[in-house]
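Next come the chains, spelled out residue by residue.
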Amino acid sequence: MALRIDDMDRKILNELQQDAALSLDEIAKRVGSSKTPVWNRIRKLREGGIIKQQTALLDAEALGFEACFFVLIRTSAHEAEWQAKFLKALQDRPEVQEAHRLAGDIDYILKVRVANARAYDTFYQALISEVRVHNVTALLSMEEIKSTTMLPLADAP
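Predicted model only: the values in this text are computed from it and were never measured.

A few words on the overall build of the protein chain. Along the protein chain, the regular secondary structure elements total 5 helices and 4 strands. The order of α-helices and β-strands along the protein chain, N terminus first, is α-α-α-β-α-β-β-α-β. What you see for the protein chain is a C-alpha radius of gyration of 20 Å, clearly larger than the 15 Å of a compact globule of 157 residues, by over 25%. Dimensions of the protein chain, computed from C-alpha atoms along their principal axes, come out at roughly 55 × 40 × 25 Å. Looking at the 157 residues of the protein chain, the share that counts as buried comes to 27%. Counted over contacts in the protein chain with a minimum sequence separation of 6, partners at least 24 positions apart contribute 68%. With the model as given, the accessible surface of the protein chain reaches about 11,000 Å², and the carbon-plus-sulfur share is 51%.

Summarising the element assignment, Ile42 is placed in helix α3 (residues 35–47). Sequence separation between Ile42 and Ile106 is 64 residues, and the spatial gap between their C-alpha atoms is 39 Å. For Ile42, the residues in contact, after removing those within four places along its chain, are Ile12, Leu16, Leu24, Ile27 and Ile51.

Enumeration according to the criterion identifies 13 salt bridges in this entry. Ionic pairing is found between Asp25 and Lys35, a salt bridge with its closest N-O pair at 3.8 Å. Of the two residues, Asp25 is situated in helix α2 (residues 24–31) and Lys35 in helix α3; the sequence distance between them amounts to 10 residues. Lys35 sits in the partly exposed class, given a relative accessible area of 42%.

The subject of this paragraph is the domain arrangement of the protein chain. By convention, interface size is frequently given as the accessible area that disappears when the constituent parts associate. The domain architecture assigned to the protein chain consists of domain 1 (7–48) and domain 2 (61–141). Here domain 1 and domain 2 have C-alpha centroids that lie 37 Å from each other.

Turning our attention to the UniProt feature "domain: HTH asnC-type" (unreviewed entry) in the protein chain. UniProt records the feature "domain: HTH asnC-type" (unreviewed entry) at residues 5–66, using the numbering of this structure. Summarising residues 5–66: 53% helix, 0% strand, and an end-to-end C-alpha distance of 39 Å.

Another point: a nonpolar patch on the surface. Residues Leu58, Leu63 and Phe65 make up a contiguous nonpolar surface patch of about 330 Å² in total accessible area. Structurally, Leu63 is set in the loop between α3 and β1 (67–74). The exposed category is assigned to Leu63, whose relative accessible area is 53%.

This part covers the sheet that holds strand β3 (residues 108–114). Across a sheet, paired strands are connected by hydrogen bonds in the backbone, their directions being either parallel or antiparallel. Taken in spatial order, the 4 strands make up an open sheet running β2-β3-β1-β4, and their pairing is antiparallel. At either margin of the open sheet sits one strand with a lone partner, and together these are β2 (96–101) and β4 (135–140). Each strand axis lies, on average, 20 degrees off the axis of its neighbour in the sheet, ignoring direction. The pairing of β2 with β3 spans 5 bridges and is antiparallel. Across the sheet, residue Glu98 finds its bridge partner in β3, namely Lys111.

What follows covers the packing of α2 against α3. Close contact between α2 and α3 brings their axes to 9 Å; oriented N to C, the two are set at 100 degrees. One element, α2, and the other, α3, form an angle in the roughly perpendicular class. Contacts between α2 and α3 involve Leu24, Asp25, Ile27, Ala28 and Val31 on the former and, on the latter, Lys35, Val38, Trp39 and Ile42. Taken together, the residues that form the contact of α2 with α3 break down as 7 nonpolar, no polar and 2 charged.

A word on the nonpolar core. Judged by nonpolar contacts, the single largest core of 18 residues is most densely connected at Leu110 and Val112. Only β1, α4 (80–91), β3 and α5 (117–130) provide two or more residues apiece to this core. Apart from residues lying up to four places away in sequence, Leu110 is in contact with Phe69, Phe70, Val71, Ile73, Leu90, Glu98, Ala99, Phe123 and Leu127. Counting 12 residues, the second-largest nonpolar core is a separate cluster that includes Ile12, Leu22, Ile42 and Ile51.

What counts, and at which threshold
Residues numbered from 1 in each chain as written. Predicted model: local features only at pLDDT ≥ 70, side-chain atom pairs only at ≥ 80, totals over all residues. Heavy atoms only, no water. Helix = DSSP H or I, 4+ residues; strand = E, 2+ residues; numbered from the N terminus. Rg over C-alpha atoms; globule rule 2.2 N^0.38 Å. Buried < 20%, exposed > 50% of the residue type's maximum accessible area, 1.4 Å probe, protein only. Contact = heavy atoms within 4.5 Å. Areas by Shrake-Rupley, 256 points an atom, 1.4 Å probe, with all protein chains shown as cover. Salt bridge = Lys/Arg side-chain N within 4 Å of Asp/Glu carboxyl O. Domains from an automatic or database assignment. UniProt positions renumbered as here; feature names shortened; annotations may be inferred. Patch = residues over 30% accessible without salt bridge, like charges linked within 9 Å, V, L, I, M, F, W, Y side chains within 5 Å. Pairing = 2+ DSSP bridges. Axes fitted to C-alpha atoms, helices over the stretch in contact; angles between N-to-C directions. Parallel < 35°, antiparallel > 145°, perpendicular 65-115°, else oblique. Nonpolar A, V, L, I, M, F, W, Y, C, P; charged D, E, K, R; others polar. Core = buried A, V, L, I, M, F, W, Y, C linked by side-chain atoms within 4.5 Å.

Structure below.
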């Protein structure tokens, strides 16, 4: 059964989504509560799987990862053995930031972050040498307009 959250949990989660490094005192002050109840709620949210992890968001371009490709993959193979091999190949590649199985004409979409087109080609050659795919289309992002990890908690059920 899913953990039920209330308005106070949403307030706490919004603060953590904006800055997970906030002190417990600061979170409590911002949500209008005291430290102990806020800590108990955060612990409950962690144990319930609502808070999966706390991490730092890095600036990819500042670190030299200037190219973001969205890779559309079509396959004619859908058996379990192929899928397991494909999923392992994706898990083993840190360049793959996201991977989604889709409904429709395209089977998978990947978000791949690399330094440049040459680095993408190296990634691509390694991937197709491990797993057979029917068709691959790579789309280079010219500009990131919006990127967020924040969920719209005000709209949450």
